[in-house]
Structure formats: C-alpha cells, structure tokens
Amino acid sequence: MICQQCMQRPANVQITQLVNNQKTVLYLCESCAGAREKLLIDLPFNMSNLLSSIMENMHGVTQVPIKGEDMQCDVCGMSYDEFTHSGKFGCWNCYNSFSQRLDPIFRRLHGNTKHTGKVPTKVDSERKTAKEIYNLRLMLKDAVKVEKYEEAARIRDKIKALEEEQKRMGGVQ
Amino acid sequence: MQGGLGRNPESDVVITSRIRLARNSKDYPFPTKLNANQAHKVVDVYKDAVLKSDKSFSKELMFFDSTKMNSLDKSCLVEKHLISPEFASKKEVTGFILSKDETISIMINEEDHLRIQTIFPGLQLNKSWDVCNHIDNLIEEKVDYAYSEELGYLTCCPTNVGTGMRASVMVHLPALTISGHLNTVLDAVTKLGITVRGLYGEGSEIIGNMYQFSNQVSLGQSEEEIITKITVIANRIIEQEKIAREKLMNSRVQLEDRLFRSYGIFSNARILTSSECMKLLSDVRLGVDLDIIRGISIEVINELMVATQPANLQRTFGGTMNPNDRDIKRAELIRTRLAGVGS
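Residues numbered from 1 in each chain as written. Chains lettered and ligands numbered in written order. Predicted model: local features only at pLDDT ≥ 70, side-chain atom pairs only at ≥ 80, totals over all residues.

### Overview of the overall build of chain B
Logical step 1: Counting its regular elements, chain B contains 13 helices and 10 strands.
Logical step 2: Its C-alpha radius of gyration of 21 Å places chain B within 12% of the 20 Å reference for a compact globule of 343 residues.
Logical step 3: Considering only C-alpha atoms, chain B reaches an extent of 65 × 45 × 35 Å along its principal axes.
Logical step 4: Expressed as a percentage of the 343 residues in chain B, the buried residues total 48%.
Logical step 5: Sequence-distant contacts, at least 24 apart, represent 69% of the contacts inside chain B between residues at least 6 apart. (Helix = DSSP H or I, 4+ residues; strand = E, 2+ residues; numbered from the N terminus. Rg over C-alpha atoms; globule rule 2.2 N^0.38 Å. Buried ≥ 20, exposed ≤ 12 C-beta atoms within 10 Å, placed from the backbone. Contact = placed C-beta atoms within 7 Å.)

### A short note on the nonpolar core
The tendency in soluble globular proteins is for nonpolar side chains to be buried as a group.
Logical step 1: Counting 84 residues, the largest nonpolar core has Val169 and Val171 of chain B as the members making the most contacts within it.
Logical step 2: Val171 of chain B has contacts with Val13, Val14, Ile15, Tyr211, Phe213, Ala234 and Ile237 of chain B, leaving out every residue within four places of it along the chain. (Core = buried A, V, L, I, M, F, W, Y, C linked by C-beta atoms within 7 Å.)

### Considerations on the packing of helix 5 (residues 125–140) of chain B against helix 8 (residues 223–250) of chain B
Residues and elements named next belong to chain B.
Logical step 1: Orientation of helix 5 relative to helix 8, taken along the N-to-C sense of each, is 155°, at an axis distance of 10 Å. Taken as axis vectors, helix 5 and helix 8 run roughly antiparallel relative to one another. Judged by the sense of rotation from one axis to the other, the crossing of helix 5 with helix 8 is right-handed. Listed contacts from helix 8 to Leu125, Asn126 and Trp129 of helix 5 are Glu223, Ile227, Ile230 and Thr231.
Logical step 2: Looking at the contact of helix 5 with helix 8, its residues break down into 4 nonpolar, 2 polar and 1 charged. (Axes fitted to C-alpha atoms, helices over the stretch in contact; angles between N-to-C directions. Parallel < 35°, antiparallel > 145°, perpendicular 65-115°, else oblique. Left-handed = near helix turned anticlockwise from the far one by under 90°. Nonpolar A, V, L, I, M, F, W, Y, C, P; charged D, E, K, R; others polar.)

### A word on the interface of chain A and chain B
Logical step 1: Taken together, the contact between chain A and chain B spans 34 residues of the former and 39 residues of the latter.
Logical step 2: Looking at the side of chain A that touches chain B, the elements with two or more residues in it are helix 5 (99–110) and helix 6 (121–145) of chain A.
Logical step 3: The element that contributes the greatest number of residues to the side of chain A that touches chain B is helix 5 of chain A, accounting for 4 residues.

### Digging into the pairing of strand 3 (residues 95–99) of chain B
One face of the sheet, then the other: side chains in a regular strand alternate in exactly this way.
All names here are of chain B.
Logical step 1: A large share of strand 3 lies buried, amounting to 5 of its 5 residues.
Logical step 2: The alternating pattern of strand 3 places Gly95, Ile97 and Ser99 and Phe96 and Leu98 on opposite faces, both of which are buried.
Logical step 3: Summarising the sheet, strand 2 (residues 61–64) and strand 3 pair through 4 bridges and their orientation is antiparallel. Looking at the pairing, Phe63 lines up with Ile97 of strand 3.
Logical step 4: In this structure, strand 3 lies alongside strand 4 (residues 104–108), joined through 4 bridges in antiparallel fashion. In the sheet register, Leu98 faces strand 4, and the bridge partner there is Ser105.
Logical step 5: Here strand 3 folds back onto strand 4, and the loop between the two strands holds 4 residues, one of which, Glu102, carries a positive phi near 65°. (Pairing = 2+ DSSP bridges.)

### So, the confidence of the model for chain B
All names here are of chain B.
Logical step 1: On average, residues of chain B carry a pLDDT of 91, and 96% of them reach 70 or more.
Logical step 2: Across residues 1–6 the pLDDT falls below 50, and counting only partners more than four positions away or on other chains, this stretch makes 18 contacts in the model.
Logical step 3: Model confidence for the complex is summarised by a pTM of 0.79, with the ipTM given as 0.86. (pLDDT = per-residue confidence, 0-100.)

### Topic: the packing of helix 10 (residues 274–289) of chain B against helix 11 (residues 298–307) of chain B
Any two packed helices are characterised by the angle at which their axes cross and by the distance between the axes.
Residues and elements named next belong to chain B.
Logical step 1: It is the contact of helix 10 with helix 11, at a shortest axis distance of 10 Å, that shows an interaxial angle of 165°. When the axes of helix 10 and helix 11 are compared, the pair comes out roughly antiparallel. The two elements helix 10 and helix 11 meet at a crossing, and its hand is left-handed. Note on element contacts: helix 11 touches helix 10 through Ile298, Ile301, Leu304 and Met305, opposite Leu281, Val284, Arg285 and Val288.

### Overview of the sheet that holds strand 2 of chain B
Residues and elements named next belong to chain B.
Logical step 1: Pairing is antiparallel in the open sheet, where 8 strands are placed in the order 2-3-4-5-1-8-10-9. Two strands in the sheet have a free side with no partner beyond their single neighbour: strand 2 and strand 9 (194–197). Here the average twist between neighbouring strands, direction ignored, is 20°.
Logical step 2: Bridge count for strand 1 (residues 14–23) against strand 5 (residues 114–121) is 8 bridges, and the pairing is antiparallel. Among the inter-strand pairings, Leu21 is bridged to a residue of strand 5, identified as Ile116.
Logical step 3: On the sheet, helix 8 packs against strand 1, strand 8 (165–172), strand 9 and strand 10 (210–215) and is oriented at approximately 10° with respect to strand 8.

### Quick word on unusual backbone geometry
Residues and elements named next belong to chain B.
Logical step 1: Of note in this structure, His81 is not a glycine but carries a positive phi near 65°.
Logical step 2: By the secondary structure assignment, His81 is in the loop between helix 3 (71–79) and helix 4 (85–88).
Logical step 3: The buried category is assigned to His81, around which 22 C-beta atoms lie within 10 Å.
Logical step 4: A positive phi angle, near 65°, is found at Asn109, a position not held by glycine.
Logical step 5: Its place among the elements puts Asn109 in the loop between strand 4 and strand 5.

Here's what the structure looks like:
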C-alpha cells in the first residue's frame, strides 16, 4: 500500500484520529506522518475563531465593555461579548442592538456597509406605496389651496386606503 | 449533481456551478438561539412555504425530516454537495428539501433558517441564479424575511449579510497544477476577493485537483455583479487551464505515459483508497478531456467521482464497512463500471 498523502512512498505508519467523534485511519509513510504531527499541533483554527479575532483586533482589548455595560440584544438576549466570541448573531434585532459597533466589521469583511442587491418584492411595493402617499399628500395640499374640496376628499380617501394597506402588510422594516 | 450531465458549457474544466442564498424569518431567532419548539415551527413554516407554493414547481420536491435521517444517508448527501458537513452533524431540529433531479436543495435550520441551493453542471451560474431567485420569490410570498434597507438580508454570520449569496464554481485544474502555475492563478484570484476552497468547502483539503472558487463579499455588490465577476474570473481560469493543457500536449509521450499509467492502476487495482482514487480520477478525466483516453464518457467519470466516495460506496454495497473493505469494494466498483471500455 502506498502513502495516502504523498502517493509515492510505501505506507508504514498507521494514524488513527478522532474528528467529530468519527474514527478515521490514515496510512502514511514516515516522512508524511512526521509532517502531519507538526500540522496537528498548530491546526486549531476555524472560521468563527478567525472572525472573533478580527473583531477583537478591531476593538482592542481595552475597549471591551466592563461587566454590566455590555450591550445586549433585547429580543434574543445575546450579549455583544457573546457575539464577538462566536462570530454569530442571535436574531435579526442583534443588528440593531449592536449597530454602533458593526460598521467597522462590515467594512473589514466586505469593504462596504450598504446593501445594493435584491429587494424583497414586499419591501419594494411598500416603498412604492410610501412614495405614492407622499405624492398624494402634496396633491391634497394643492387641492385645498385652490379650494377644490371634492377632489381633496377623494385624495384623502385614497391616502387612507393606502395607509391601511401599509398597516396590513406592516412589519417589514 | 444530476440534471443532465451531458455536454454542458465548459464542462471539460468546470464541474458544477452553484448558487446559495441564506435567508431568515423575522419572526424567530436565528438557529443559534432557537429552542426545540421554535426550531420545529421554523421547519414547518418553510416546509409549507415551499411545498404549498407554485404546484408545477413543488411537485418536483421532496421533504425530509433530517433529524430522523441516518448518518450514512446524510454523508451521501454531503458527498453529492447537497447538504453541508455542518448540517449533517447538527443534532438540533432540522429539515431538508430536495428536488427529484437534485438540482435544488434547501436546508432548514442550518446556520440560517434557510439555505437555498441550486447546482447545475458546467459553467451555468446565470441559470443557477435564475432558478434560485425564483424559489426565493416564491418563499417570500409566504414568509416575512429578516431584511433591512441598509444591510439587505440579515444572516446569522456577518460574512453573509447583504445578498446572502454565495456563487461558486467547482473547477478541475490538473494542467495548471502539473505545470506548476496554479499558485500564480490562486494568488491573483484571492486578490480579487475570491475564496478558494477544496472539494468539500471550508477547511477541506484539495483533492483530485478540484477547486471551488466563490465570492467573499456579500454586502455592497448586487447579485448580478457577483455572478458576472465569478463568471469572468472562471472564464480566465478556464483559458489558462486550456493553455496549460496545450503546452502539456507538446510533450505528448510523457503526458500519455503519465495518464495511461494512472488509467492502468485505476482500472486494474484491487485496493484503492479514496484519496488515491481521486488523484487517479483526475488524471483519467484529463485523459478523456484531451481525447487521449478513449471510450469513457465524462458522465461515467462524474458518476464515479460521487460513487467512489466512502458513504455512497457503502450505500451501494449495502451498509457500513470498515475502511479496508471499502478500499477493496472501491476498486471492484471501478473495474465493473469500466469493464469493456478503454483503449
């Protein structure tokens, strides 16, 4: 049998390791086995470690809030400290709760702080409704100014209907 | 990874094109903070949103309670790139939706409530995006997504916020690797904000000269911009790989010798580990692409790429086997599959 790593030398070392509770057996040659031992020593590195180290580096150790002053999300209860350690948010509201700290993180990760991609259809139509209401209010003002009260009443009803629609769809930030 | 593995665009270099969207509901905490009760509800909400959407689409889909799936079945799905290794090992309540042709897979309660993935053979990121976007629109009719005007789709990990999109291509680059030019290419693309990973994503090693290229940034670029960027870069990499292949052909006898030696072992070995198999498969694939090794189709190579992975192999041969038996069965499977073909 040949070494599973270099695929060249004969395998004469068997390495059994446990990864995520799964036993794997590797058959390696002496030199690859030696290199692997070294590798295993400085390997504990993963994405969330990397993220939290980015965050810690940005805020510096001295800036970590002292106990009691730690920001906390009022919806899911996640603390900012917990977020920096795990690199994961607890809910959508964490984005609001920690907002003052997040811009540098987004800039570092994405080079940006503003979304320019897809807008959900619901949000898009809400935006349109809001714009329509704004335009209608201007028209209402003009109608009142020139004492066209019947038209003003019609516009007012239209605004009311749109506002109700807005409330019904509601909730989308 | 089915869906018509015929002659697809650039399929001699690009194995698959994938789009993944991360989405969350605003009515529940992210999976990091979900309790079991809420996790069940999230699974039900999305299961209904997907399966009760557009009939012509939902009749192609199947739902699985992944909590009840056995680990061998999950590993098979990982090997086919239909679920992530993280999802496979999750103990919490999760759900999984798969289309019959395996082009669409949806993970519920992975890192985010929803991970919608579409995977197509060859270089077809636009097509993959069209399908993924359509599914996203259908679900959005039924669920209020966590979305902010400023930051876009809100995700559990800040690396995915914005579009929540990861566009990736899996490419086979044997000639660039053999000729020693791969690092130059990798250096260049990583400077352009592209992440390079191995066959099985984050943290996986490079095997069989397979590389995954995907976007690093999800905030501040539109979906179309990201797709165009990855497609343009993929085309450049394909071009370089083809130039390298042509150069290797200048020393045709040496190249033929190498590829036929690999083919000889591949088709005659009695014991094959999975990593040796992937290395040989890479050479055989190159031989087929260059018309040096004849009589084997790329479809068979693609099929063997999945069928020789540990979990799929065990499923084919009826259950759990120790690694040594697997290595014997792997060689047997290849010999059976290749019987009667070759030059």
